[in-house]
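Here is how the chains run, residue by residue.
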Amino acid sequence: MAKKNIDWANIGFGYIKTDYRYVSHYKNGAWDEGALITDETITLNECACVFQYAQTCFEGLKAYTTEDGHIVTFRPDLNAERMMNSAARLEMPQFPKERFIDAVTKTVAANADYVPPFGSGATLYIRPFMFGSNPVIGVKPAEEYQFRILTTPVGPYFKGGAKPITICVSDFDRAAPHGTGHVKAGLNYAMSLHAIMEAHRNGFDENMYLDAATRTYVEETGGANFIFVTKDNTVVTPKSGSILPSITRRSIIYVAEHYLGLKVEERPVRFDEVKDFAECGLCGTAAVISPVGKIVDHGNEICMPSGMEKMGPVIQKLYDTLTGIQMGHIEAPEGWIHVIK
Ligand code: PLP
Ligand code: COI
């Protein structure tokens with residue numbers, strides 16, 4: 001088997017069809033045994049719950065080629081657990097954790113030729129997703145579901161890779177208190193589409209959402225959590241019940257404390273504190289750690305001291321350590337790296 005002939009260094013964050021995907025059907029109260037299939041299309045009834053009431057949730061993780069040629073994934077157990085939480089919140093059946101990890105393993109192994117080579121700057125993005133598939137017209141959960149995994153090779157989420165981006169404070173809210181912001185429901189992303197297009201039309205790369213109740217605290221962006229660094233090198237990350245519990249952010253906290261000896265504060269972050277930070281970054285599976293150079297609030301510019309040319313020094317260290325662990329040249333904490341082959 002040979003790697004596919006793809007220009008790995010120049011792909012963006014888009015969909016490229018791979019050879020295999022995984023599907024398991026839920027019917028009569030049970031998941032079937034699941035299988036790898038080749039057909040990338042899905043045929044559903046017009047009244048499927050996912051179409052009418054957006055009953056769908058998903059996950060995102062990546063497969064990496066390590067320096068010594070293995071294919072690995074990063075903490076898939078945490079994606080499995082988060083998807084179980086998302087499913088519970090949306091009244092969907094849970095796909096068991098061990099089966100989730102096994103399905104990820106099988107899907108990535110089957111698409112090994114699409115896992116970008118070490119050092120290419122690209123990775124294989126893994127997208128587990130689940131949806132209500134039988135016809136529903138009264139507002140109620142479906143009785144039948146599909147759990148699927150698709151994979152696609154991806155490059156950097158933001159054009160320009162590690163170049164600092166400019167974001168704006170959104171007038172729209174991402175998630176309500178006691179809503180679904182803490183789970184990975186498709187509906188959270190549907191409602192962010194207008195906000196992100198407005199941001200792009202106004203020349204910004206992303207939105208900073210504030211808390212919906214008071215519009216005083218920093219929440220997150222449409223697809224990543226925030227990390228800030230104070231002028232005395234403390235890593236600060238927003239705590240909120242309505243943001244997604246990012247696996248990247250949780251890993252960065254551990255790396256900051258245990259690998260780099262930095263102080264970390266996970267706490268509510270007021271927007272009026274942001275101007276005092278030295279560095280800002282967005283963290284997530286897709287974003288990895290993307291530096292933010294400028295934050296614009298209705299014309300008021302906050303220019304991070306780290307500037308628009310490169311990552312600040314602390315975020316650079318966090319980035320190097322985290323990606324070093326993911327790519328296998330820095331020893332990982334027990335259980336973080338799941339070897340596929
Ligand atoms: N926040 C949102 C809204 C996201 O969609 C994501 C991506 O999954 C994240 C944060 C980052 O989470 P993770 O680090 O688990 O990918
Ligand atoms: C991820 O980082 O995996 C996500 O799901 C975020 C999305 C914006 C691509």
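This one's a predicted model, so the numbers in the text were calculated from it and none came from an experiment.

Novice: How should I be thinking about the overall build of the chain in this particular structure?
Specialist: Along the backbone of the chain there are seven helices and 17 strands. Whereas a compact globule of 341 residues would reach a radius of gyration of roughly 20 Å, the chain reaches 20 Å, a difference of no more than 12%. Principal axes of the C-alpha set define a box for the chain whose edges measure 55 × 50 × 35 Å. In the chain, buried positions account for 53% of the 341 residues. Long-range pairs, those at least 24 residues apart, make up 71% of the contacts in the chain with a sequence separation of at least 6. For the chain, the computed accessible surface area is about 15,300 Å², with 52% contributed by carbon and sulfur atoms. In the chain, the 33 positive side-chain charges and the 40 negative ones have mean positions that sit 1 Å from each other.

Novice: Please explain the side chain of Asn188 as it appears in this structure.
Specialist: Here Asn188 lies in helix 4 (residues 186–190). On the basis of relative accessible area, Asn188 is assigned to the buried category, the value being 2%. Beyond its immediate stretch of four places on either side in the chain, Asn188 contacts Arg174, Thr180, Gly181 and Val183.

Novice: What is the right way to read the site of ligand 1 from this model?
Specialist: Close to ligand 1 lie 16 residues, the nearest being Tyr189, Glu220, Ser246, Thr248 and Thr285. Within the side chain of Thr248, a nitrogen or oxygen atom sits 2.5 Å from an oxygen atom of ligand 1. Between ligand 1 and Thr285, the relevant distance is 2.6 Å, taken from an oxygen atom to a side-chain nitrogen or oxygen of the residue. Secondary structure elements with two or more residues in the shell around ligand 1: helix 6 (247–258) and strand 14 (279–284). Partitioning the shell around ligand 1 into residue classes produces five nonpolar, seven polar and four charged.

Novice: I keep staring at the site of ligand 2 and nothing clicks. Help me out?
Specialist: Every residue near ligand 2 is listed here: Phe13, Phe58, Gly60, Tyr125, Arg127, Tyr157, Lys184, Gly223, Thr285 and Ala286. In the model, an oxygen atom of ligand 2 is placed 3.4 Å from a nitrogen or oxygen of the Arg127 side chain. The separation between an oxygen atom of ligand 2 and a polar side-chain atom of Lys184 is 2.7 Å. For ligand 2, whose unbound accessible area comes to 280 Å², protein coverage reaches 90%. Its residues assigned to classes, the shell around ligand 2 shows five nonpolar, three polar and two charged.

Novice: Looking at this structure, how should I read the packing of helix 2 (residues 76–89) against helix 3 (residues 97–110)?
Specialist: In a packed pair of helices, the relevant descriptors are the angle between the two axes and the axis-to-axis distance. It is at 9 Å that the axes of helix 2 and helix 3 come closest, and there the two elements cross at 125°. In terms of their interaxial angle, helix 2 and helix 3 are classed as oblique. Crossing of helix 2 over helix 3 shows right-handed handedness. Where helix 2 approaches helix 3, its residues Pro76, Asp77, Asn79, Ala80, Glu81, Met83 and Met84 are matched on the opposing element by Lys97, Phe100 and Ile101. Here the residues of the contact of helix 2 with helix 3 sort into six nonpolar, one polar and three charged.

Novice: What am I meant to see in helix 7 (residues 313–326) here?
Specialist: Each turn of an α-helix holds 3.6 residues, which means side chains three or four residues apart point in the same direction. Here helix 7 contains 14 residues, and its C-alpha end-to-end distance of 20 Å stays within 8% of the 20 Å for a straight helix at 1.5 Å per residue. Within helix 7, burial applies to Val314, Ile315, Leu318, Thr321, Leu322, Thr323, Gly324, Ile325 and Gln326. Among the residues trailing helix 7, Gly328 stands out with phi positive, at a value near 90°.

Novice: Would you explain the pattern of salt bridges in this entry?
Specialist: Pairing between side chains of opposite charge can happen when the charged atoms of each approach one another. Tallying each qualifying case throughout the model produces 16 salt bridges. We note a salt bridge from Arg82 to Glu59, for which the minimum N-O separation is 2.7 Å. With Arg82 in helix 2 and Glu59 in the loop between strand 4 (56–58) and strand 5 (61–65), the pair connects residues that are 23 residues apart, well separated along the chain. As far as the burial class goes, Arg82 and Glu59 line up, both buried. One salt bridge connects Glu265 with Arg267, and the closest N-O pair in it is separated by 2.8 Å. Given the relative accessible area of 25%, Glu265 is considered partly exposed. Because the salt bridges share partners, they merge into one network encompassing Lys263, Glu265, Arg267 and Glu273.

Novice: Explain the state of the cysteines to me, please; I cannot follow it from the model alone.
Specialist: Simply put, the disulfide is a covalent bond whose two ends are the sulfur atoms of two cysteines. Applying the stated criterion across every chain yields a total of zero disulfides. Free cysteine: Cys49, not disulfide-bonded; nearest cysteine sulfur from Cys47 at 8.7 Å. Free of any disulfide, Cys283 has its nearest cysteine sulfur in Cys280, 9.9 Å distant.

About the cut-offs
Residues numbered from 1 in each chain as written. Chains lettered and ligands numbered in written order. Predicted model: local features only at pLDDT ≥ 70, side-chain atom pairs only at ≥ 80, totals over all residues. Heavy atoms only, no water. Helix = DSSP H or I, 4+ residues; strand = E, 2+ residues; numbered from the N terminus. Rg over C-alpha atoms; globule rule 2.2 N^0.38 Å. Buried < 20%, exposed > 50% of the residue type's maximum accessible area, 1.4 Å probe, protein only. Contact = heavy atoms within 4.5 Å. Areas by Shrake-Rupley, 256 points an atom, 1.4 Å probe, with all protein chains shown as cover. Lys, Arg positive; Asp, Glu negative; His and termini not counted. Charge placed at Lys NZ, Arg CZ, Asp CG, Glu CD. Near = heavy atom within 4 Å. Polar contact = N/O pair within 3.5 Å; in protein donor to acceptor, adjacent residues only side chain to side chain. Nonpolar A, V, L, I, M, F, W, Y, C, P; charged D, E, K, R; others polar. Axes fitted to C-alpha atoms, helices over the stretch in contact; angles between N-to-C directions. Parallel < 35°, antiparallel > 145°, perpendicular 65-115°, else oblique. Left-handed = near helix turned anticlockwise from the far one by under 90°. Expected span 1.5 Å × (residues − 1). Salt bridge = Lys/Arg side-chain N within 4 Å of Asp/Glu carboxyl O. Disulfide = S-S within 2.5 Å.

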